[in-house]
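Spelled out, the chains give:
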Amino acid sequence: EQFGYQGGAFTGARKEGAPGKIQQADGGTLFLDEIGDMPLNLQARLLRVLQERCVTPLGSTKTIQVDIALVCATHRKLREEVARGSFREDLYYRLNGLSVTLPPLRERSDIRALVTRLAAIEMPAAPVRFSEGALRAIEGYAWPGNIRQLHNAIRVAIALLDEGEQLITEQHLPEELFEAPLAAAPAQAAAGGEPMRAAEPLASGSSLDEIGRQAAMRALEAAGGNISSAARQLGISRNTLYRK
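This report concerns the structure included in the present document. Every value quoted in this text rests on a predicted model; they were computed, and no experiment measured them.

Rules used throughout
- Residues numbered from 1 in each chain as written.
- Predicted model: local features only at pLDDT ≥ 70, side-chain atom pairs only at ≥ 80, totals over all residues.
- Heavy atoms only, no water.
- 1 Å grid on protein atoms, 1.4 Å probe; cavity = no way out; pocket = protein on both sides within 12 Å on 5 of 7 lines; lining within 4 Å.
- Points joined across faces, edges and corners; volume = space filled by probe spheres on them.
- Helix = DSSP H or I, 4+ residues; strand = E, 2+ residues; numbered from the N terminus.
- Nonpolar A, V, L, I, M, F, W, Y, C, P; charged D, E, K, R; others polar.
- Expected span 1.5 Å × (residues − 1).
- Buried < 20%, exposed > 50% of the residue type's maximum accessible area, 1.4 Å probe, protein only.
- Pairing = 2+ DSSP bridges.

1. A short note on empty space enclosed by the protein
Enumeration according to the criterion identifies 1 cavity of 30 Å³ or more in this entry. In this structure, the largest cavity spans a volume of roughly 40 Å³. Lining of the largest cavity is provided by Gln-2, Phe-3, Ile-22, Leu-30, Leu-32, Met-38, Leu-42 and Leu-46. For the lining of the largest cavity, the elements supplying multiple residues, two or more each, are strand S1 (29-32) and helix H2 (40-52).

Printed below as a string of structure tokens:
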């Protein structure tokens, strides 16, 4: 994927070969996400590319010159990975030019602006509004899943709006925003003593209608099929729940 390959280099390879990401980035910028998880043997090859500014595709003996700028991201502390021997020290110093640390969402002061922007992405034609209570709840939550989790919560809230509604209130937000953080040990159900199952994440490519349907189905399951209870849980009417 990174270095490309020559035609016939391995079983199933296209006969014309394929350029790798490094070659495709020639004249531009190569972005490597989660660089801290790169295997050591690949780190050595990447270091050679950065030093010699050339790449050798798999199965080829010819090097190809490349002119790239490199941007990397990682959730790991690379200095600690270097000390543990899982990240090459020479590659670390080769990459460590300008470092930018992105704070977790719970430490940011622009959450309201982010909420407005994310909602506009989902509803560009008919912008939605948030009540002050909803915004305070969003600001007060720790957001362990960061912006992906916030975006998902906003998508669900929009999907739960009735037709013609444009105001998101606390009733449209996930319950977890108003609950105490979960304990380390699995919670036990009051009746049966079975560990509670974590809800599966919503598919990021789902439409708003599909997200609303999934949220309605989960609420119905949690309420044991009781329509009135599920509707109260979601903060919507029975008719809206039927429609979802």
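Past the structure itself, the notes keep going.
2. Describing the layout of surface pockets
A volume near 1,400 Å³ is recorded for the second largest pocket. Forming the walls of the second largest pocket are 34 residues, and the residues nearest its centre are Cys-72, Ala-73, Thr-74, Val-100 and Thr-101. At the level of elements, strand S4 (69-72), helix H4 (89-95) and helix H7 (146-159) are the ones that each hand at least two residues to the lining of the second largest pocket. The element best represented in the lining of the second largest pocket is S4, accounting for 4 residues. Of the residues that constitute the lining of the second largest pocket, the class distribution is 18 nonpolar, 8 polar and 8 charged.

3. Some remarks on helix H8 (residues 208-222)
Taking 1.5 Å of rise per residue, the 15 residues of H8 would be expected to cover 21 Å, and the 21 Å separating its terminal C-alpha atoms lies within 8% of that figure. Trailing H8 by a residue or two, Gly-224 shows a phi angle of about 65°, which is positive.

4. Digging into the pairing of S1
With burial as the criterion, only one face of S1 is covered, namely that bearing Leu-30 and Leu-32; the residues Thr-29 and Phe-31 on the opposite face remain uncovered. Sheet topology places S1 next to S4; 4 bridges connect them, and they run parallel. Across the sheet, residue Leu-30 finds its bridge partner in S4, namely Leu-70.

Interpretation in functional terms is not warranted from these geometric data alone.
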